[in-house]
Amino acid sequence: DDDDKGNRWHAKKHPNIILFAEKTSYTDLMQEVNRDFDITTIATGGQSSYLSIEYFVDELRQRQVDLAAEFIVFSIVDFDPSGDIIATNFVENLMDNGIKNIKTFPGTFYKLFKRKDTVIPEHMTDEQRNKVYRLPLKIRKSGLAAKWAARTGGVNGKKNILFGIETIVMPKAQIMQIFTTELSKIITIDFELIAKSRQMQTLKERMQAFALKKLQIGT
């Protein structure tokens, strides 16, 4: 089954820009980003299945999206070995299904990230960086923690293999601000138009609520 079908939103203007989240708790943010910036968004609820990504890429084909164009992937994943694996596998599954040209972002410790992570220590306050959790012993013993720390620098930039940081330490508004800053480096964002669109959506919702109330009173 296609487990992610209800948690992805396609775009008309920028279908080749993808914001990916590993947790379905970000579906409201995914919908907001899709509506405001007209880019593709998807929340997978953990490790996405190969089948779901196959369906996803097929939907892009059906929408006449040029799969040979450069794709840009942003991610919202935990800053830990599991989050890194989930984001990496998502990109690799895209490539396996025909999306080969994915933008590479350089990192301080590793130069070949095929996505731009938003939840990283450099985007956090000192207080947020201190809200770490201890990585499971089996993850540390397996070598996954060491590999991740070598790629990212770990929570303190010194390749510490003991701790990770969950996305929840950063409010959604902060994540949105960071993402918007990064996105504005790639596309032109008309913030005034977005504000007007939000106002119209709020007005529409209020009008619908008013009409429903009138109907309820009438009956």
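If you're wondering where the values come from, they're calculated on a predicted model, not measured in any experiment. (Residues numbered from 1 in each chain as written. Predicted model: local features only at pLDDT ≥ 70, side-chain atom pairs only at ≥ 80, totals over all residues. Heavy atoms only, no water.)

1. Topic: the packing of helix H3 (residues 81–96) against helix H6 (residues 144–152)
Packed helices, taken two at a time, are described by their axes: the angle between them and the distance between them. Our working definition: Axis definition: a line fitted to C-alpha atoms, over the contacting stretch in the case of helices. Angles run 0 to 180 degrees between N-to-C directions. Secondary structure elements are taken from DSSP: a helix is a run of H or I of four residues or more, a strand is a run of E of two residues or more, and numbering for both begins at the N terminus. Convention used here: angles under 35 degrees read as roughly parallel, angles over 145 as roughly antiparallel, angles from 65 to 115 as roughly perpendicular, and any remaining angle as oblique. The contact rule is simple, with two residues in contact once any of their heavy atoms fall within 4.5 Å. For this classification, Asp, Glu, Lys and Arg are treated as charged, while Ala, Val, Leu, Ile, Met, Phe, Trp, Tyr, Cys and Pro are nonpolar and the rest, including Gly, are polar.
The contact between H3 and H6 brings their axes to 9 Å, and the two run at 75°. On the basis of their axis angle, the class for H3 and H6 is roughly perpendicular. Contacts between H3 and H6 pair Pro81, Asp84, Ile85 and Thr88 from the former with Leu144, Ala145, Trp148 and Arg151 from the latter. When the residues that make up the contact of H3 with H6 are grouped by side-chain class, the tally is five nonpolar, one polar and two charged.

2. With respect to the environment of Ala145
Tracing the backbone through its elements, the reader meets Ala145 in helix H6. Spatially, the C-alpha atom of Ala145 lies 8.5 Å from that of Asn160, the residues being 15 residues apart in sequence. In contact with Ala145, other than residues within four places in its own chain, are Pro81, Leu135, Ile139, Arg140 and Ile161.

3. Quick notes on the sheet that holds strand S5 (residues 116–117)
How we decide: Following DSSP output, two strands are said to pair if at least two bridges run between them.
Spatial strand order, S1-S3-S2-S4-S5: five strands in an open sheet with mixed pairing. Here the strands that pair on one side only, and so sit at the sheet edges, are strand S1 (8–9) and S5. Examined bridge by bridge, strand S4 (residues 72–76) and S5 share two bridges and lie parallel to one another. What sits directly across from Phe74, in S5, is Lys116. In the packing of helix H1 (residues 27–37) onto the sheet, contacts are made with S1, strand S2 (14–21), strand S3 (39–43) and S4, and the angle to S3 comes to roughly 175°. Contacting S2, S3 and S4, H3 crosses the sheet at an angle of about 150° to S2.

4. What about the nonpolar core?
Selection criterion: Note on terminology: a nonpolar core comprises buried Ala, Val, Leu, Ile, Met, Phe, Trp, Tyr and Cys residues joined through side-chain atoms within 4.5 Å. The buried label goes to any residue with under 20% of its type's maximum accessible area, the exposed label to any with over 50%, and the partly exposed label to all in between, with areas taken from a 1.4 Å probe on protein chains only.
Among the nonpolar cores identified, the biggest contains 35 residues, and Leu19, Met30, Val33, Phe37, Ile76, Phe179 and Leu183 are the most heavily contacted of them. Among the secondary structure elements, those contributing two or more residues to this core are S2, H1, S3, S4, H6 and helix H7 (172–183). Among the elements that make up this core, the one with the highest residue count is H7 (five residues). One finds Val57, Leu60, Ala87 and Ile102 within the second-largest nonpolar core, a separate group that totals 19 residues.

5. Here's the deal with helix H2 (residues 50–62)
Note the threshold: One fewer than the residue count of a helix, multiplied by 1.5 Å, yields its expected span. By construction, the arc corresponds to the directions joining the helix axis to the C-beta atoms.
With 13 residues, H2 should reach 18 Å at 1.5 Å per residue; the first-to-last C-alpha distance of 18 Å fits that figure. Residues of H2 that are buried: Ser52, Ile53, Phe56, Val57, Glu59 and Leu60. Down the axis, H2 shows its buried residues gathered within 150° of arc, on one side only. At its buried positions, H2 is contacted by S1, S2, S3 and H3.

6. Concerning the side chain of Asn93
Note on placement: Asn93 falls in helix H3. Residue classification places Asn93 among the buried residues on the basis of a relative accessible area of 11%. The residues touching Asn93, leaving out its near neighbours within four places in the chain, are Ser48, Ser49, Tyr50 and Ile53.

7. Section: the pairing of S3
Along S3, five of the five residues are buried, which leaves the element largely enclosed by surrounding structure. Of the two faces of S3, the one holding Ile39, Thr41 and Ala43 and the one holding Thr40 and Ile42 are both buried throughout. Of the strand pairs in this sheet, S1 and S3 are connected by two bridges, and their pairing is antiparallel. Along S3, the bridge assignment pairs Trp9 with Thr41. One ladder, built from five bridges, connects S2 with S3; its direction is parallel. For Ile18, the partnering residue across the bridge sits in S3 and is Thr40.

8. Examining the pairing of S4
Within a regular beta strand, the side chains point alternately toward one face of the sheet and then the other, so they alternate between its two faces. Definition in use: Handedness rule for crossovers: strands pointing away from the viewer, path from the first strand over the helix to the second running clockwise, crossover right-handed.
Burial analysis of S4 places five of its five residues in the buried class, the great majority of the element. Every second residue of S4 is oriented toward a common face, with Ile72, Phe74 and Ile76 on one face and Val73 and Ser75 on the other, all of them buried. Judged from the five bridges that link them, S2 and S4 form a sheet pairing that is parallel. Of the residues in S4, the one forming a bridge with Leu19 is Phe74. Read from S4 through H3 to S5, the crossover connection turns out right-handed.

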